[in-house]
Amino acid sequence: MGSPCCPAFAREAVASGGPERGEKGLGYQEAPELLQGVKPVPGVAGEEAEVPNGSAPAAPPEVRLSLRRWPVVLLFSCYSLCNAFQWIQYGSINNIFVRFYGVSTFAIDWLSMCYMLTYIPLLFPVAWLLDKRGLRLIALAGSALNCLGAWVKLGSMKPHLFPVTVLGQVICSVAQVFILGMPSRIASVWFGSHEVSTACSIAVFGNQLGIAVGFVVPPVLVPNLEDPEQLAYYISIMFFMTAGVATALFILVVIVFREKPPFPPSWAQALIQSKPPEEYSYIQSILRLLRNTNFILLIVTYGLNTGCFYALSTLLNRMVIQHYPGEEVNAGRIGLTIVVSGMAGALLSGIWLDKTKTYKQTTLVVYIMSLLGMVAYTFTLSLGHLWVVFVTAGVLGFFMTGYLPLGFEFAAELTYPESEGTSSGLLNVSAQVFGIIFTISQGKIMDRFGTQAGNLFLCSFLLLGTFITVFIKADLRRRQANLDSEQTVSKSPSTSVSTIKVIPCSVPSPPVGISVSWSLP
């Protein structure tokens, strides 16, 4: 918000009529000093609008979709893919990196868990930056750090340089903090109310595809060899490819990514953008979120489900190798099956939510099916038939990985009009905390009691999450805001409002009877 007479800002102004014609200074033709330098532009209906004589409601903000929204979400999805690949590239060939660097399996596990650890303390500073500086800065920081971390890893091609690869992975883990909270924010800022869940699914889609590629590509590029020099050569090929892709994506982000579209894409987003910045308090927003009982329950259930997925992904190589020695490539393919089927689940759930808006029911069904899939996977892993493991892993992935965008979108509904970056960030903190706890605990249980006991450990927490989900109420605030705004607009006469373009000039305050409002184009 600001004064339309300030030369630093060009605003769109809406003039609504005052008293009847004949009262001095209140009509369009009788207040030339007010409208000096103001040029009428086509109205919302596409015609030259006239300023009314009688009282009329203020014009609603113009809602319009931007074609750039698709390049933005797809580009985000791509650099999120690259970052997720770097998260799992060590865990998918855990045994090979253990031999190359001469460290323990637990040390290699920490290369994945550092992603979870760094997220927790950095969430709130990054979420604050997202609220204060917007999407473009966060996108630039995330893609730049992802690129830097990829290049640092190229300096770790000797067995004694394990600390260098740790440094590169930590830089990539910091980049992840600038990435994970973005999907629901990009969807809300750039997409209309009938495609926002699909857009969020596409944004999450990239992260899941990166994990899938991270499962299948490293075992193919880096064979299980004994010679350290040959291993270093193949590992360097993988690191060079990653660094090249990360660099290209960073350049594209600089060129393509924008802060927001010229016009709000939905009525809910228009209402948020109409609020002056000084009315927003980041601390108060967090406190309001923490007082939202339904959101707190969702934080716990999302953390339990996603934490199980993180533990399963990190330890999958160890599980498969224990029952099927020498099957590193098939272990990667099983991980690929989990994630690709989950991507299909995520996309379908997003389309389903856009059509039905049944957030609570869909979330509960997906949670129950994740539990059943985990139980099936647990008891088929040791049967000795890899094709059975592929089938049960695919079913598990379809629902467990498909749950991720559901959680983001359900949170955006429960917490509107709070920042999607903050609500998504709190969900991800819960996921990282449970991910660390589950990965360490399941790893220890597997070492002592076997893989089945470790997987049953995860099943117990999925069962707990299912029960908690039952108590979440479907308080869909964002959907209600869109419905209320659409009803208000449908009741407003289209001919009672004039939209006029305000150009930088010196304009005195409007007299009584004429109200002027403006918003950023």
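Residues numbered from 1 in each chain as written. Predicted model: local features only at pLDDT ≥ 70, side-chain atom pairs only at ≥ 80, totals over all residues. Heavy atoms only, no water.

Student: Just to check I follow, could you spell out the overall build of the protein for this structure?
Tutor: The helix and strand inventory of the protein stands at 19 helices and 4 strands. Here the protein holds 521 residues, and the buried ones make up 55% of them. For the protein, the proportion of contacts with a sequence separation of at least 24, taken over those separated by at least 6, is 85%. Working note: accessible area of the protein is about 21,600 Å², and carbon and sulfur atoms make up 67% of it. (Helix = DSSP H or I, 4+ residues; strand = E, 2+ residues; numbered from the N terminus. Buried < 20%, exposed > 50% of the residue type's maximum accessible area, 1.4 Å probe, protein only. Contact = heavy atoms within 4.5 Å. Areas by Shrake-Rupley, 256 points an atom, 1.4 Å probe, with all protein chains shown as cover.)

Student: Mind showing me how you'd approach helix α18 (residues 451–470) here?
Tutor: At 3.6 residues per turn, the α-helix brings residues three or four places apart onto the same side. An ideal rise of 1.5 Å per residue puts 28 Å on 20 residues; α18 measures up with 30 Å between its terminal C-alpha atoms. Residues of α18 that are buried: Thr-451, Gly-454, Asn-455, Phe-457, Leu-458, Cys-459, Leu-462, Gly-465, Thr-466, Ile-468 and Thr-469. (Expected span 1.5 Å × (residues − 1).)

Student: What is the right way to read the confidence of the model for the protein from this model?
Tutor: Detailed conclusions should not be drawn from predicted coordinates in areas where pLDDT is low. Model confidence for the protein is summarised by a mean pLDDT of 78, while 79% of its residues fall at 70 or above. Looking across the protein, the model is least confident in strand β1 (residues 11–16), with a mean pLDDT of 36, and most confident in helix α5 (residues 135–153), with 94. In the model, residues 1–57 has pLDDT below 50 throughout and makes 111 contacts with residues more than four positions away in sequence or in other chains. Considering only residues more than four positions removed or in separate chains, one finds that residues 494–521, a stretch of pLDDT under 50, has 80 contacts. (pLDDT = per-residue confidence, 0-100.)

Student: What is the right way to read the pattern of salt bridges from this model?
Tutor: Pairs may arise between side chains of opposite charge once their charged atoms sit close together. Taken as a whole, this structure holds 4 salt bridges when the rule is applied. The partner of Glu-226 in a salt bridge is Arg-99, with the nearest N and O atoms 3.8 Å apart. With a gap of 127 residues between them, Glu-226 in the loop between α8 (196–221) and α9 (228–256) and Arg-99 in helix α3 (residues 94–101) connect regions that are remote in the sequence. Overall, Glu-226 belongs to the exposed group, its relative accessible area being 63%. Note that Arg-318 is salt-bridged to Asp-447, the shortest N-O span being 2.7 Å. Pair noted here: Arg-318 is in helix α12 (residues 293–323) and Asp-447 is in helix α17 (residues 420–449), with a separation of 129 residues, a long-range link. Residue classification places Arg-318 among the buried residues on the basis of a relative accessible area of 14%. Linked by salt bridges that have partners in common, Asp-109, Arg-318 and Asp-447 make up one network. (Salt bridge = Lys/Arg side-chain N within 4 Å of Asp/Glu carboxyl O.)

Student: I keep staring at the state of the cysteines and nothing clicks. Help me out?
Tutor: With the rule as written, the count across this model stands at 0 disulfides. Free of any disulfide, Cys-114 has its nearest neighbouring cysteine sulfur in Cys-172, separated by 8.6 Å. Cys-147 takes part in no disulfide bond, and the closest cysteine sulfur to it belongs to Cys-82, at a distance of 8.4 Å. Residue Cys-147 is classed as buried on the basis of its relative accessible area of 11%. (Disulfide = S-S within 2.5 Å.)

Student: Is there a simple way to explain the nonpolar core in this structure?
Tutor: The nonpolar side chains of soluble globular proteins are, as a tendency, buried together. By size, the foremost hydrophobic cluster in this structure holds 122 residues, and its most contacted members are Phe-97, Met-182, Ile-186, Phe-257, Met-374 and Tyr-377. Ignoring sequence-local partners within four residues, the contact set of Met-374 consists of Leu-312, Leu-396, Met-400, Asn-455, Leu-458, Cys-459 and Leu-462. (Core = buried A, V, L, I, M, F, W, Y, C linked by side-chain atoms within 4.5 Å.)

Student: Just checking my understanding: could you explain unusual backbone geometry for this structure?
Tutor: Glycine aside, a negative phi is what most residues show, and trans is what most peptide bonds show. Positive phi outside glycine occurs at Lys-357, with the angle close to 60°. As for its placement among the helices and strands, Lys-357 is situated in the loop between α13 (328–356) and α14 (359–380). In this structure Lys-357 comes out as buried when scored by relative accessible area, which is 13%.

Student: It is not clear to me how the packing of aromatic side chains should be interpreted in this structure. Could you clarify?
Tutor: For any two aromatic rings, the description comes down to two numbers: the centre-to-centre distance and the angle of the planes. Here the structure, examined in full by the defined rule, presents 20 aromatic pairs. Look at Phe-309 and Tyr-310: their rings are 6.2 Å apart centre to centre, the planes differ by 50°, and that puts the pair in the tilted class. A relative accessible area of 1% means that Phe-309 is categorised as buried. Tyr-310 gets classed as buried once you look at its relative accessible area, which sits at 9%. With a centroid separation of 5.7 Å and an interplanar angle of 35°, the aromatic rings of Phe-434 and Phe-438 are classed as tilted. With Phe-434 and Phe-438 both in helix α17 and 4 residues apart, this pair spans about one turn of that helix. Accessibility expressed as a relative area gives 21% for Phe-434, which makes it partly exposed. Aromatic rings pair up to connect Tyr-90, Phe-97, Phe-100, Tyr-101, Phe-162 and Phe-239 into one cluster. (Phe/Tyr/Trp six-rings, centres within 6.5 Å; stacked < 30°, edge-to-face > 60°.)

Student: How should I be thinking about the side chain of Ser-370 in this particular structure?
Tutor: If you trace the backbone, Ser-370 turns up in helix α14. Residue class for Ser-370 comes out buried when judged on its relative accessible area of 0%. If we ignore the near neighbours within four places in the chain, the residues touching Ser-370 are Asn-305, Leu-396, Phe-399, Met-400 and Leu-462.

Student: What should I look at first to understand a nonpolar patch on the surface in this one?
Tutor: On the surface, a nonpolar cluster with roughly 260 Å² of combined accessible area is contributed by Ile-251, Val-254 and Ile-255. Residue Ile-255 is classed as exposed on the basis of its relative accessible area, which comes to 51%. (Patch = residues over 30% accessible without salt bridge, like charges linked within 9 Å, V, L, I, M, F, W, Y side chains within 5 Å.)

Student: Explain the packing of α8 against α13 here, please?
Tutor: The description of two packed helices rests on the angle between their axes and on the distance between the axes. Orientation of α8 relative to α13, taken along the N-to-C sense of each, is 175°, at an axis distance of 8 Å. The angle between α8 and α13 falls in the class roughly antiparallel. Partitioned by chemical class, the residues of the contact of α8 with α13 number 18 nonpolar, 7 polar and 3 charged. (Axes fitted to C-alpha atoms, helices over the stretch in contact; angles between N-to-C directions. Parallel < 35°, antiparallel > 145°, perpendicular 65-115°, else oblique. Nonpolar A, V, L, I, M, F, W, Y, C, P; charged D, E, K, R; others polar.)

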